[in-house]
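Architecture at a glance
The lines below spell out each chain.
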Amino acid sequence: MTDPQRIVDAHHHVWDLSVRDQEWITGEELAPLRRTFTLADLEPEARAAGVHATVLVQTVTVPEETPEFLALADGNDLVAGVVGWTDLTAPGIADTLATLRELPGGDRLVAIRHQVQGEPDPEWLLRPEVQRGLSAVAAAGLVYDLVVQSHQLPATVRAAALLPELTFVLDHAGKPPIAARSLHPWAEDVRALADRPNTVCKLSGLVTEADLRSWTVDDLRPYADTVLDAFGPDRLMFGSDWPVCRLAASYTEVVDAARALTDGLGADERSAVFATTAERTYGL
C-alpha cells in the first residue's frame, strides 16, 4: 500500500558478512538473516514504502563499523543519520567522538548505541565509567539509543534521571513480551521512563517480539497504545528494524502495521510518528 505521507525510517541495519561476521546471528530461527544485507537491498523496499530518509543503526561492538557506516551515509542520499558505536568506558571517548565527526560522513553521526541487552549486569548503565561516557555523548551534542531487555528498563529510568542533558531513545519500545501476551511489568517501567522529559521511544521491532509466524496487528496494538499514551506522538518515531523484521514481515508489512497502529491519530500526530519526531530528535 502506498501513502503520500512523508516517512523517515528511524531504525534499520546493514551488514556485509564478507567484511566481518555478525556473531549474534545464531540458531535456526535467525538463519534467514545469515547473509549480506546492503543499502542496495534496502533502497527499493524503502522507496516503495514511501520512505524518504533513514537512520542506519550499529549492529556490532567493534570500532571499525561506525566509520564504515558514516562512509556509506556520505555516499547515499537515503541515509540521513547514523547511530554508531564507541566504547563508552574508554577514557578518551570525547576525542574519539570528535574524530568520528571529522571523518567522511561524520556530519551524519547523530547518536551512539551499545548492546546493553547483552550485558549481564542489569544496572550496567549506572556504572560510573558508563555514566562518564554518556556525559561525553551529551557534551558532543549526540543522542543515546537504548537497546535493552524489558528487565533492564528500571536502570534506564535512573540513567535518564541522572543525565537530564542527554536525550535517550528507547529502541523497539523496550522489547515488550508480546509473544507471551504480557504487559506487566513492562508497561509500568515504560511509563516511568516516559515520565523523564529527555526520553523518546521507537515504534520498532514489535513484529519480532510477537509470534514470528502468526502475529497480527491486534497482537501489537496494546503495546503500541501503551507507548503512544506514555510518550505521545511527539516523542515516538517509526522504525522498520530491517532486515531483522524480515523474520516476521516484509518491509511494506511493517510500514502498513505501523500505519494501522496509528490510525486513530490526527494528521499532525501521524506526521510526528512517521517523520518529525525523528528529524527533531536526531537533527536530521
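Above this text is the structure in question.
The notes below deal with the structure included here. (Residues numbered from 1 in each chain as written. Predicted model: local features only at pLDDT ≥ 70, side-chain atom pairs only at ≥ 80, totals over all residues. Heavy atoms only, no water.)

**Brief notes about the overall build of the protein**
- Across its full length, the protein carries 9 helices and 8 strands.
- By its C-alpha atoms, the protein is 45 × 40 × 40 Å across when sized along the principal axes.
- Going through the 284 residues of the protein one by one, you find that 55% of them count as buried.
- Across the protein, every contact between residues at least 6 apart in sequence was considered, and the portion connecting residues at least 24 apart equals 82%.
- On the protein, roughly 11400 Å² of surface is accessible, and the fraction owed to carbon and sulfur atoms is 51%.
- Here the protein contributes 23 positive and 43 negative side-chain charges, whose respective centroids are spaced 2 Å apart. (Helix = DSSP H or I, 4+ residues; strand = E, 2+ residues; numbered from the N terminus. Buried < 20%, exposed > 50% of the residue type's maximum accessible area, 1.4 Å probe, protein only. Contact = heavy atoms within 4.5 Å. Areas by Shrake-Rupley, 256 points an atom, 1.4 Å probe, with all protein chains shown as cover. Lys, Arg positive; Asp, Glu negative; His and termini not counted. Charge placed at Lys NZ, Arg CZ, Asp CG, Glu CD.)

**Some thoughts on empty space enclosed by the protein**
- Tallying each qualifying case throughout the model produces 1 cavity of 30 Å³ or more.
- By volume, the largest cavity amounts to about 100 Å³.
- Every residue lining the largest cavity is counted, 13 residues in all, and those nearest its centre are L203, S204, G205, L206 and V254.
- At 4 residues, the largest contribution of residues to the lining of the largest cavity is made by helix 8 (residues 251-261). (1 Å grid on protein atoms, 1.4 Å probe; cavity = no way out; pocket = protein on both sides within 12 Å on 5 of 7 lines; lining within 4 Å. Points joined across faces, edges and corners; volume = space filled by probe spheres on them.)

**Quick word on the nonpolar core**
- Counting residues in hydrophobic clusters, the biggest one holds 85 residues, and the most contacted among them are L88, L125, L134, Y144, F168 and V227.
- Sorting elements by how many residues they give to this core places helix 7 (residues 217-231) first, with 7 residues.
- When residues no more than four places from it in sequence are discounted, the contact partners of L88 are I93, I112, W124, E129, V130, R132, G133, L134, V137 and Y144.
- Judged by nonpolar contacts, the second largest core, of 15 residues, contains V57, V83, V110 and A275. (Core = buried A, V, L, I, M, F, W, Y, C linked by side-chain atoms within 4.5 Å.)

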